[in-house]
Amino acid sequence: MSKIILGLDLGITSIGWAMVSVDDEKSKNKIIESGVRIFTIAEHPRDGKSLALPRRDARGARRTLQRKSKRMLKIKYLLLHYGLIASDNFEAIFIKDRVSRKDVWELRKDALERCLYGSELFRVLVHIAKHRGYASNSKSDEPIMSPEKQTT
């Protein structure tokens with residue numbers, strides 16, 4: 001009994017295909033038909049940049065903004081949930097007169113020496129969440145050294 005198998009080879013600029021008749025007896029196996037479809041390369045001929053680059057950059061920017069927005073909502077919810085800030089003072093912390101309040105960086109420094117009040121802690125945590133670092137998902141050959149093992 002013979003079976004017909006379709007094989008595909010998907011490439012960046014081409015698709016190769018073949019239909020093969022496979023029988024229990026190896027001597028009766030044969031290629032029925034095969035071919036290839038070649039596409040034009042999806043890049044600018046002058047500079048070689050991808051045609052999808054503007055779309056990809058815009059999508060990346062949208063995702064970054066969405067992640068930041070979601071992170072800010074989560075941090076605000078947590079601070080409200082655990083009573084670090086009252087809901088009526090929530091937006092007032094950011095709208096207050098900028099001259100009369102301390103700089104966030106000064107508050108972060110003060111946090112090393114004393115306990116911060118609810119609104120101060122709220123501002124510091126929101127500031128950290130807004131300006132968090134970036135950790136790449138790519139795998140590096142060099143292992144990351146812990147701070148205690150680094151020498152300066």
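Below: a short report on this structure. Everything numeric here is computed off the predicted structure, so don't read it as measured data.

Considering the pairing of strand S1 (residues 3–10)
Here comes step 1: Of all eight residues in S1, zero are buried, a share of ten percent or less.
Here comes step 2: One ladder, built from eight bridges, connects S1 with strand S2 (residues 14–22); its direction is antiparallel. Bridge pairing links Lys 3 to Val 22 in S2.
Here comes step 3: Hairpin connection, S1 to S2: the antiparallel pair is bridged by three residues.

What to know about helix H4 (residues 118–130)
Here comes step 1: Relative to the 18 Å expected for 13 residues at 1.5 Å per residue, H4 spans 18 Å between its end C-alpha atoms, a close match to the ideal helical length.
Here comes step 2: Considered for burial, the residues of H4 that qualify are Glu 120, Phe 122, Arg 123, Val 124, Val 126, His 127 and Ala 129.

Some points on the sheet that holds strand S3 (residues 30–38)
Strands pair in a sheet through their backbones, by hydrogen bonds, and they do so in one of two ways: parallel or antiparallel.
Here comes step 1: The strand order across the open sheet built from three strands is S1-S2-S3, with neighbouring strands paired in antiparallel fashion. Whereas interior strands pair on both sides, the edge strands pair on one side only; in this sheet they are S1 and S3. On average, each strand axis in the sheet is inclined to that of its neighbour by 10°, with strand direction left out of account.
Here comes step 2: Pairing of S2 with S3, which is carried by eight bridges, proceeds in the antiparallel orientation. Bridge pairing in S3 links Ala 18 to Ser 34.

About the thresholds
Residues numbered from 1 in each chain as written. Predicted model: local features only at pLDDT ≥ 70, side-chain atom pairs only at ≥ 80, totals over all residues. Heavy atoms only, no water. Buried < 20%, exposed > 50% of the residue type's maximum accessible area, 1.4 Å probe, protein only. Helix = DSSP H or I, 4+ residues; strand = E, 2+ residues; numbered from the N terminus. Pairing = 2+ DSSP bridges. Expected span 1.5 Å × (residues − 1). Axes fitted to C-alpha atoms, helices over the stretch in contact; angles between N-to-C directions.

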